[in-house]
Amino acid sequence: MTAAYIALGGNLGDPRRQLLEAMDALGRLPATRLLRRSRLYRTPPWGVLEQPPFLNAAALLDTGLAPHELLDALLAIEQRAGRVRAERNGPRTLDLDLLHMDGVQLDDEHLTLPHPRIAERAFVLLPLADLAPDLQLPGQGRVADLLAVADTQGCECLVEDRLAE
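This report concerns the structure included in the present document.

Cut-off values and rules
Residues numbered from 1 in each chain as written. Predicted model: local features only at pLDDT ≥ 70, side-chain atom pairs only at ≥ 80, totals over all residues. Heavy atoms only, no water. Phe/Tyr/Trp six-rings, centres within 6.5 Å; stacked < 30°, edge-to-face > 60°. Lys NZ or Arg CZ within 6 Å of the ring centre and 35° of its normal. 1 Å grid on protein atoms, 1.4 Å probe; cavity = no way out; pocket = protein on both sides within 12 Å on 5 of 7 lines; lining within 4 Å. Points joined across faces, edges and corners; volume = space filled by probe spheres on them. Helix = DSSP H or I, 4+ residues; strand = E, 2+ residues; numbered from the N terminus. Nonpolar A, V, L, I, M, F, W, Y, C, P; charged D, E, K, R; others polar. Buried < 20%, exposed > 50% of the residue type's maximum accessible area, 1.4 Å probe, protein only. Core = buried A, V, L, I, M, F, W, Y, C linked by side-chain atoms within 4.5 Å. Contact = heavy atoms within 4.5 Å. Polar contact = N/O pair within 3.5 Å; in protein donor to acceptor, adjacent residues only side chain to side chain. Axes fitted to C-alpha atoms, helices over the stretch in contact; angles between N-to-C directions. Left-handed = near helix turned anticlockwise from the far one by under 90°.

**Some remarks on the packing of aromatic side chains**
With the rule as written, the count across this model stands at one aromatic pair. The ring of W46 has R121 lying over it, and the distance from NZ or CZ to the ring centre is 4.2 Å.

Dropping the structure here:
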């Protein structure tokens, strides 16, 4: 079994419901347990700015799935949620990104681990820091240190909304 960190986000439809349903789906994956959920964050759009704000969260899994098997499972969850890949960084019902798997470094045409742009994205670092502030990401650094220098302007922790454990 391997620890895997997943970023969740969405800004179309009912993002809170979609994130909750995605968390449930993560916990039902074969050979996988959902160990922890982050708090929920409202964040400004990134890339394409003319779209609604996002809701973002992160999940910590314990999984026996290989990296590409887990990626395929994440893409299937997105598809069931109605994800349409029409525009890079555009609006979406659900986005699931495999951020990191303990002990795995990988770079091929389908998957790079750890995710190469974690350090650039406060919407990933904020919920990831809820789960693992001391996590060392190979080639990038410690999550808490990356967050300390990230631009978190416009990001809001929805303290009352902990995506019920």
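Picking up where we left off.
**Side note on the layout of surface pockets**
Put simply, the largest pocket is a space of about 780 Å³. Around the largest pocket, the lining is made up of 34 residues, and of these R85, D95, D97, H115 and R117 lie nearest the centre. Going through the elements one at a time, β1 (2-10), β4 (54-63), α2 (67-80), β5 (95-101) and α3 (122-131) are the ones with two or more residues in the lining of the largest pocket. The leading source of residues in the lining of the largest pocket is β5, at four residues. The residue makeup of the lining of the largest pocket, split by class, is 15 nonpolar, eight polar and eleven charged. Taken as a whole, the second largest pocket holds about 160 Å³ of empty space. Along its surface, the second largest pocket is lined by T43, P44, P45, W46, E120, R121, A122, F123, D151, Q153 and C155.

**Observations regarding unusual backbone geometry**
In this structure, P114 follows L113 across a cis peptide bond, with omega equal to -5°. Looking at where P114 falls in the secondary structure, it is placed in the loop between β7 (112-113) and α3. Its identity is not glycine, yet A31 carries a phi of approximately 55°, on the positive side. For A31, the position within the fold is in the loop between α1 (15-27) and β2 (32-37). Given a relative accessible area of 46%, A31 falls into the partly exposed group.

**Concerning the nonpolar core**
Membership of the largest hydrophobic core comes to 28 residues, with the highest contact counts inside it found for I6, L8, L26, L70, I77, L96 and L98. The set of elements that each furnish at least two residues to this core consists of β1, α1, β4, α2 and β5. For L70, the contacting residues outside a window of four places in its chain are A4, I6, L29, L61, T63, L65, L98 and M101. The next biggest cluster of nonpolar side chains, apart from the first, holds 20 residues, and it includes L60, V124, A129 and L135.

**Concerning the environment of D107**
Relative to the helices and strands, D107 is located in strand β6 (residues 106-107). The exposed category is assigned to D107, whose relative accessible area is 64%. At 3.0 Å, the side chain of D107 forms a polar contact with the side chain of T112.

**Let's talk about α3**
Burial runs high along α3: ten of the ten residues are buried. For α3, the set of buried residues is A122, F123, V124, L125, L126, P127, L128, A129, D130 and L131. Where α3 is buried, its residues touch β1, β2, β3 (41-43), β4, β5 and α4 (143-148).

**Remarks on the environment of P30**
Counting through the fold element by element, P30 comes out in the loop between α1 and β2. Looking at P30, the relative accessible area reads 54%, which means it is exposed. When the C-alpha atoms of P30 and L70 are compared, they prove to be 9.5 Å apart, with 40 residues separating the residues in sequence.

**What to know about the packing of α1 against α2**
Between two packed helices, the angle of one axis relative to the other and the distance separating the axes together describe the packing. Relative to each other, α1 and α2 sit at 145°, their axes nearing to 11 Å. The handedness of the crossing between α1 and α2 is right-handed. In this structure, α1 contributes A22, A25 and L26 to the contact, and α2 contributes L74, I77 and R80. Among the residues making up the contact of α1 with α2, the classes are represented as five nonpolar, no polar and one charged.

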